[in-house]
Structure formats: structure tokens, C-alpha cells
Amino acid sequence: MRAAKTQIVIPSGEGEAPAASPSHILPVAFQELLDTPRSAERQEFIDTLPIAIAIVALVDRKATILSRNRSFLQLADRRGSFIEVDAGRDLCTGIALPLLPVIEDFLLSEERESSFDMEEGDGISGRHFAIRLARLSGDESHAPRCIVSLIDRTQQVEGERSLRSQMMRDSLTGLPNRAAFAEQVEGAMQNFETEGRQFAVLLVDLTRFSRVNEGVGSLAGDELIITVARRLISALRAGDLLARLAGDEFAVLLSVADDSSEAMRAARRMQACLSTPIRLGDLEIKIDCAVGVAMMSSSIDAAEDLIRNAQFAMKRAKHSGHAEIYQACDSTAARQRFSLETELRRAIERDQLQLAFQPLIDLQTGKVSGFEALARWEHAEKGTISPVEFIPVAEESGLIVPLGRWALRAATRTLAEWDRKAGMALPVHMAVNVSAVQFQRDDVVAAVNAALTESGIAGNRLKIELTESCIVSDPDGIANVLRAIHDLDVLIAMDDFGTGYSSLAYLQRLPIDVLKIDRSFIAPMLEDRDSVAIVRAVLGLASALGMSTTAEGVETQELVETLIGLGCDVAQGYYFARPLPSDEAYDYLRARIV
């Protein structure tokens, strides 16, 4: 039994001040009245109290009710006609609380007061009471006595249960929500520990739900979710539990054998049940789903850990297109990415990144026409961290915005420093890559203008390189940004041309000055006639549109000669130089200025 929050405080004797109580205080006058032999006056007094009161004495070591007030009798009469009572244990007819043994123990003890809750009945139709026992001082018979107060909390308890039930259910589908699902997983984990019952958690994510909401509205989206829930339920076995964790994310608690094959079969059933298009009004909508599976193991301590493992697997499933099962390396990789994100943020704030500069060579003259600035990170403990590792982390976390702004400032500042060393404006430009994420999240025009203003470099000595993915995400918006950048006299290059998905119409509409041919077409040119044909076609397209061309990944003299023969303008690659630190790049440039 758990103690109640409030207490009846009874003065225990002369000179003791009654303690404060949040409910009520039994005054000294009441104690005196209870001690008086005038039972009529005592009864009249306790009848005025709004709560159920009984005075109980220990007679022949048995608890016996001496008197009760009207509220007590009314409480007993409510169910007295149909409730079964154990005369040896229950308080009285109509109140089936096994209180008599409790009261007897209390009166035989030295306790002054006791508070607890007790339930009457089976918990469905039964009542709930807050009970308080307070010892009374002895009378002439010296029989131990106490006052018993009962507060009926049934409505409050049922209200709390109803509220909890509502809070643990998804209001749209009626399925358990995330909190309820986590509770069920915790219970399954206890069974796993005690009885070895293996189970799995499956997460199901609808891949096109947001597009449905955008296209046909939220009401149709709700109808879609309800239909999906029904289909998923139809794919479950008896005893499996389906829950809705978020807007388009469902979870399944599945009892399985020791291996994962049964869970994977269930995952495929989930995907199969959604393979048929769902009809919404006049529309038929095909919904795909990604399913991630996580098996319970002794190394998992909490339900959320198991759910998170399933989320890792689901993330891989979105890329692979089929159900995936959690692997230990998933969480390790995630932790490493978060660790890398933290360290990258600090490196940007503390200016611990550097730029390396790879020369761009004019194939007609052999002179250096410019440099491409490339971010490099020398970690104090881990050594060199490749851009292949930290650039995706920067894009995912949003750190690409401060990183990109830093690269623009550092590149233009370096070119200005080279001018000061040479005592003149060098005949080269600086190329800086700008991520698609930065175009989406940052004011790139303002960032470019700020870098030019700070360094004092003319706009025509800066070249912004972007990939085709920048254009595909928001063609009209990116077009406006590129025109504003072009108005600053800044050159614009399309990087990795031919590897993306942009329409050739974009090349005609956008202010692009340079096409950079990806190394995947350049490297195999000497052995692959198709690659030569592709490069020739790109060069012809650029010439027709009035654009210059740059070949990436040039590593041999034979490639240089082939590109010159095809009419390529500029090349870069290890044949000429690897990316160089600032001082070495300046020396490389000075040695080739004629």
C-alpha cells in the first residue's frame, strides 16, 4: 500500500501544537468531544463532517466500530445491496475493504497515525479509497481507539486512467503511440531477461507521405495513414503489436525465434501489403515504405536503444530499397559522425582549417590561369581528415554554411596576399566550390560580395563552382542567385558536368561561363572510345554555347595531348600539381609567370 499525500493530524497530548495539514486538522474540542461519554453529542458532531468517519475500538483484540457518521453510512449504502463482504476482514456491510486486520495491527502498535490507499473490488467496477487512521486517547475502558476516515477517489482514479489511456493512443488510428510502444518493448525486454523470449522491433517509414500531403491535402493524408494502418495490421500475426510513432512512421513489436529470418519475412510482408495502390477519391496513390529491423540482445539496456537501432536500419533501407537489419557498425558510424560534427564545429570556430590550391593550366599557353581552393583539415590527434569525410557531415549538420563562407573569405584573402607579395595584380583567378546546401540555406550573393569587399579583389578574379544538384533542387531560385552573382562580374562554373541530372535547357538559361568535365570521363579516355566521344560532345556543346571548358583529373602527358587535340581550354590534375599549401602554390605560380 502506498502512502497518501495528505494526513489527518491528531494532537497527541497536552502542550503539543497540532501540525499543519493540507486537508484538515482535528481540533482539541473534537478530541474532547470524542472522549466524552455523551454519545449523542459525539454522534451529532461527527455527522457534520463531510467525509466518511468511523470510530473503531479494539474489543477482545478485534476491531469493532463504535460509531459512524452519515457520510460513512451513505458510502456503505451505495453498494450494500449487491456487494459481497467478508465479515472477518472487511470493514462493514457495503464497504468491502479488508481493513479490520489493518486496524487491529494499528491499534496494537505504537503508531499515532497511518495513511494509505486501498482498492475495493476487482479493479474494474471497484472503488478506490484514500484511508487515514488516527489514534484517539484512551477512555475509561482504556480500549485502544482510532478514527477511520475514508475518501472515495474512484472518479479521480478512473479519470486518471482514462486520461492515461488517451495519452497512450494515437488519436487518428487508435494505435498505441510511441510512449505506449516503448512500455510494451520494456515489458518484452523483461521477458527476454527472465525467460529468454526473443523479439524484434520493426520500423516502417512511408517514403512519399509528405508529397501526398502537399498534393491532396492533410485530410486525404489522414485517410491514407488510416488505410496504411489497416493494411499493416492485416499483415501481422496474432500477438504482434503495431504502433504509430510519428506522422508517417509505424513500429511493430514481433515475437521471433533466435535468428533474424522470421523478422525479415515479416518486414517483407509489410512491404508487400503496401504494394497495391491506395485509392483516395479519384486518385490511386502508390506508397512505398522502408523497413528497418532490430533484434533484441543482452547488450541493449533500454527500449529507446532498441528503437534507435531499428531507425539506423531503416535509414539504410531508404537508400537500398529493401528491408535492412541493424548492424553494430550503424550506431558506431552515427556516433563517429556526431563526434566529427562536434570537432568540425570547433575547428571552424577556432580557424583550424586550411585551404590547398590546385593549379588550373591553360592548355594553349601552358601558363597557370588560376587555382581551385580546396578545404583541408589537419586534426591535432587524427591527422589529415579527408574532405570526403567531413564535407558530407558539414552538409548534413548545416556547418557547410560557415565553412563555405570561411572558404570564400580565405580564398580571396589569399589571392590578395599573393598580389601584395608580387607587387601587382597577378593574372590568375581563384575558384571556390559552393555546396548545394549552402545555396539553399545561405545568402550566397551577400557572402560573395562580402568576400570581395573584404579582400579588395575584383569580381572577375573569382569563380564560383557549383554542381548540377544545385540547379535541380530549385531551378528558378538558383537562376536568380546566379544572375545576381554574375552581376558582380564573378565567373560561374558547372562542376562535375555530365554526372548529374540537369536539363541542357538550364545551360542556355543560366549565366554559366565554364563547364568542368568530370574526371570519370577524362581518366579512361585513352582506353575507352566512348569516353572520348562524350568529352568531344561536351566540348562541342560548350563551344556552341560560348562557354570555356576545364578537364579534371588529368594525370598523364598523353591525356594532355589528347585534350589539346580535342580543343579543351583548361586542365587540372596530378600531372601538373597536387593541391598545394598557400606558399607553395605562390612559388609554383611565380615560377611559371613569363
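See the structure shown above.
Because the structure is predicted, anything quoted here is derived from the model rather than measured.

### Observations concerning the sheet that holds strand 14 (residues 324-325)
In step 1: An order of 9-10-8-13-14 is seen for the 5 strands of this open sheet, with the pairing classed as mixed. Bordering the open sheet on either side are strand 9 (241-246) and strand 14, each of which pairs with just one other strand.
In step 2: With 7 bridges joining them, strand 8 (residues 199-206) and strand 13 (residues 289-295) adopt antiparallel strand pairing. Bridge pairing in strand 13 links leucine 206 to cysteine 289.

### Topic: the layout of surface pockets
In step 1: Its boundaries defined by the atoms lining it, the largest pocket holds a volume of some 990 Å³.
In step 2: By residue class, the composition of the lining of the largest pocket is 20 nonpolar, 10 polar and 11 charged.

### Quick word on unusual backbone geometry
In step 1: Look at aspartate 60: it is not a glycine, yet its phi comes out positive at around 55°.
In step 2: Relative to the helices and strands, aspartate 60 resides in the loop between strand 3 (52-59) and strand 4 (62-68).
In step 3: The backbone of aspartate 489 shows a phi angle near 70°, a positive value even though the residue is not glycine.
In step 4: Tracing the backbone through its elements, the reader meets aspartate 489 in the loop between helix 17 (475-486) and strand 20 (491-497).

### Focus on the environment of lysine 421
In step 1: Inspection of the secondary structure assignment puts lysine 421 in helix 13 (residues 400-422).
In step 2: Lysine 421 gets classed as partly exposed once you look at its relative accessible area, which sits at 42%.
In step 3: In this structure lysine 421 touches Asp583 and Tyr586, once residues within four positions along its chain are discounted.

### Description of the sheet that holds strand 5 (residues 113-120)
In step 1: Spatial ordering of the open sheet is given by 4-3-7-6-5, a layout of 5 strands whose pairing is antiparallel. The sheet terminates laterally at strand 4 and strand 5, the two strands that pair on one side only. Taking each pair of neighbouring strands and ignoring which way they run, the sheet shows an average axis angle of 30°.
In step 2: In this fold helix 5 (residues 154-167) packs onto strand 5, strand 6 (127-136) and strand 7 (145-152), with an angle of close to 135° to the strand it touches most, strand 6.

### Examining the packing of aromatic side chains
In step 1: Summed over the entire model, instances satisfying the criterion amount to 6 aromatic pairs.
In step 2: A ring pair is formed by tryptophan 377 and phenylalanine 390, whose centres lie 5.7 Å apart and whose planes are at 85°; its orientation type is edge-to-face. Taken together, the residues span a long stretch of sequence, with tryptophan 377 in strand 16 (residues 368-379) and phenylalanine 390 in helix 12 (residues 387-397) at a distance of 13 residues. Taken individually, tryptophan 377 and phenylalanine 390 each receive the classification buried, so the pair is uniform in this respect.
In step 3: Three or more aromatic residues joined by ring pairs make a cluster, and in this case those are Phe357, Phe371, Trp418 and Tyr586.
In step 4: Positioned above the aromatic ring of tyrosine 586 is the side chain of lysine 421, whose terminal nitrogen or guanidinium carbon lies 5.2 Å from the ring centre.
In step 5: One cation-aromatic arrangement involves arginine 592 over tyrosine 588; the distance from NZ or CZ to the ring centre is 3.6 Å.

### Focus: the pairing of strand 6
In step 1: Summarising burial for strand 6: 10 of the 10 residues are buried, a large majority.
In step 2: Of the two faces of strand 6, the one carrying Arg127, Phe129, Ile131, Leu133 and Arg135 and the one carrying His128, Ala130, Arg132, Ala134 and Leu136 are both buried.
In step 3: Sheet topology note: the strand 5/strand 6 ladder contains 8 bridges and is antiparallel. Paired with methionine 118 across the bridge in strand 6 is phenylalanine 129.
In step 4: As judged from the 8 bridges shared by strand 6 and strand 7, these two strands associate in the antiparallel manner. Note on strand 7: the bridge partner recorded for phenylalanine 129 is aspartate 152.

### Quick look at the environment of glycine 174
In step 1: The topology assignment puts glycine 174 in the loop between helix 5 and helix 6 (178-195).
In step 2: According to the relative accessible area criterion, glycine 174 is partly exposed, its value standing at 37%.

Criteria and cut-off values
- Residues numbered from 1 in each chain as written.
- Predicted model: local features only at pLDDT ≥ 70, side-chain atom pairs only at ≥ 80, totals over all residues.
- Heavy atoms only, no water.
- Pairing = 2+ DSSP bridges.
- Helix = DSSP H or I, 4+ residues; strand = E, 2+ residues; numbered from the N terminus.
- 1 Å grid on protein atoms, 1.4 Å probe; cavity = no way out; pocket = protein on both sides within 12 Å on 5 of 7 lines; lining within 4 Å.
- Points joined across faces, edges and corners; volume = space filled by probe spheres on them.
- Nonpolar A, V, L, I, M, F, W, Y, C, P; charged D, E, K, R; others polar.
- Buried < 20%, exposed > 50% of the residue type's maximum accessible area, 1.4 Å probe, protein only.
- Contact = heavy atoms within 4.5 Å.
- Axes fitted to C-alpha atoms, helices over the stretch in contact; angles between N-to-C directions.
- Phe/Tyr/Trp six-rings, centres within 6.5 Å; stacked < 30°, edge-to-face > 60°.
- Lys NZ or Arg CZ within 6 Å of the ring centre and 35° of its normal.

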